[in-house]
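Notes for the structure review
If you want the building blocks of each chain, they are given just below.
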Amino acid sequence: MVRTRARNAEGTRADILAAARRRFGSGGYERTTLRAIAGDVGVDPALVIRYFGSKQQLFAAAAEFTIHLPDLTGRCPDDMADALLERFFAVWEADTTFVALLRAAMTSSTAAATMRQVFATQVAPTIAAVARDHPGPRAALIGSLVLGMATTRYVLEAPAAKAMNHDELIRWARPVIRDLLVGPAPP
C-alpha cells in the first residue's frame, strides 16, 4: 500500500530536513543517500532534489545552525566560562543539527568544512572580543575542548561523561575555559 502525504510544501520541506539531519548524523555524509532520506519521509527522491537541488545543498541546509553565543564583554572570567558552557549545552542538547554535524564531520570533508565555518564565524569572534592576547590560539583551544566534550558526551557516549549533569561538567571545565580565555599565555 502506497502511503500518501497531504500537500504541504513547508511541512514536507521540514520533514526532509529532519530526516536529512538524522541520516547525516547517523550515517555520515558519504553513506547518506537522497533516496534513503526520501524514503524516510515517504516522498519521491525527485522531490528532494526539487526542494534542495543536490545532496551537498541538502547537507548545507540541514547543517545550518546558529549558536547564539552571549556577549562576554564586561563579565568576570568565571561568568564568561559559565555563559559559554551553558550556551554550548543548549546547542548540543536542544538542536540535533549540531550533533549530526559533529558526527558527519568525522568522516566528511564537506561536514568538516561546515563545522570550521561555524567556528570561524560564530565562536572565534566571541572569544576574540574578550581575549587579552593571542585570540587565535585561545579560540582554537577552547574549540578543541568543547568539541572534545561534545564528542565524548554525545557521539561516543562515554559513561562517565554522560553521567555528569551540567553543573558537574561546568565545575570541571570552568577553570580550564577561564584560563584559556584570560589566563596568562605560555612563555
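What comes next is a walk through the structure. From a predicted model like this one, the values you see are computed outputs, not experimental measurements.

1. Concerning the overall build of the protein chain
Each helix and strand in the protein chain was counted, giving 10 helices and 0 strands. Seen in sequence order, the protein chain has helices and strands lined up from the N terminus as α-α-α-α-α-α-α-α-α-α. Taken over the C-alpha atoms alone, the protein chain extends approximately 65 × 30 × 30 Å along its principal axes. Buried residues in the protein chain amount to 40% of all 187 residues. A fraction of 69% describes how many contacts in the protein chain between residues 6 or more apart in sequence connect residues 24 or more apart. When the accessible surface of the protein chain is summed, it comes to about 10200 Å², and 56% of that surface belongs to carbon and sulfur atoms.

2. Some thoughts on the packing of helix 5 (residues 77-94) against helix 8 (residues 135-155)
Interhelical geometry of helix 5 versus helix 8 gives an angle of 40° and a closest axis separation of 11 Å. The angle between the axes of helix 5 and helix 8 places the two elements in the oblique class. Of the two elements, helix 5 crosses helix 8, and the hand of that crossing is right-handed. Contact residues: helix 5 offers L85, F88, F89, W92 and E93, while helix 8 offers V146, M149, A150, R153 and Y154.

3. Section: the nonpolar core
One broad trend across soluble globular proteins is that nonpolar side chains are buried collectively. If you look at the biggest cluster of nonpolar residues, it comprises 56 residues, and the most contacted ones within it are L58, W92, F98 and L181. Broken down by element, this core gets its largest block of residues, 9 residues, from helix 5. Residues in contact with F98, not counting those within four places in the same chain, are F65, V91, W92, M115, L147 and A150.

4. Describing the environment of R31
If you trace the backbone, R31 turns up in helix 1 (residues 9-31). Spatially, the C-alpha atom of R31 lies 42 Å from that of V182, the residues being 151 residues apart in sequence.

5. A short note on the packing of helix 1 against helix 4 (residues 55-62)
Contact geometry of helix 1 with helix 4 gives a least axis separation of 9 Å together with a crossing angle of 105°. The angle between the axes of helix 1 and helix 4 places the two elements in the roughly perpendicular class. Note on element contacts: helix 4 touches helix 1 through K55, Q56, L58, F59, A61 and A62, opposite I16, L17, A20, R21, F24, Y29 and E30. A class-by-class count of the residues in the contact of helix 1 with helix 4 yields 9 nonpolar, 1 polar and 3 charged.

6. Side note on the environment of T97
With respect to the helices and strands, the residue T97 is situated in helix 6 (residues 96-105). Here T97 falls in the buried class, since its relative accessible area comes to 3%. In the structure, T97 is positioned 27 residues away from P70 in sequence and 20 Å away in space, judged by C-alpha atoms. Those residues in contact with T97 that sit more than four places away from it in its chain are R21, A62, A63, E64 and F65.

7. A short note on the pattern of salt bridges
Under the definition given, this model contains 6 salt bridges. The salt bridge involving D78 is made with R178; its shortest N-O contact spans 2.6 Å. With D78 in helix 5 and R178 in helix 10 (residues 166-182), the pair connects residues that are 100 residues apart, well separated along the chain. Using a relative accessible area of 30% as the deciding quantity, one classes D78 as partly exposed. We note a salt bridge from D133 to R138, for which the minimum N-O separation is 2.6 Å. Looking at D133, the relative accessible area reads 29%, which means it is partly exposed.

Definitions and limits used
Residues numbered from 1 in each chain as written. Predicted model: local features only at pLDDT ≥ 70, side-chain atom pairs only at ≥ 80, totals over all residues. Heavy atoms only, no water. Helix = DSSP H or I, 4+ residues; strand = E, 2+ residues; numbered from the N terminus. Buried < 20%, exposed > 50% of the residue type's maximum accessible area, 1.4 Å probe, protein only. Contact = heavy atoms within 4.5 Å. Areas by Shrake-Rupley, 256 points an atom, 1.4 Å probe, with all protein chains shown as cover. Axes fitted to C-alpha atoms, helices over the stretch in contact; angles between N-to-C directions. Parallel < 35°, antiparallel > 145°, perpendicular 65-115°, else oblique. Left-handed = near helix turned anticlockwise from the far one by under 90°. Core = buried A, V, L, I, M, F, W, Y, C linked by side-chain atoms within 4.5 Å. Nonpolar A, V, L, I, M, F, W, Y, C, P; charged D, E, K, R; others polar. Salt bridge = Lys/Arg side-chain N within 4 Å of Asp/Glu carboxyl O.

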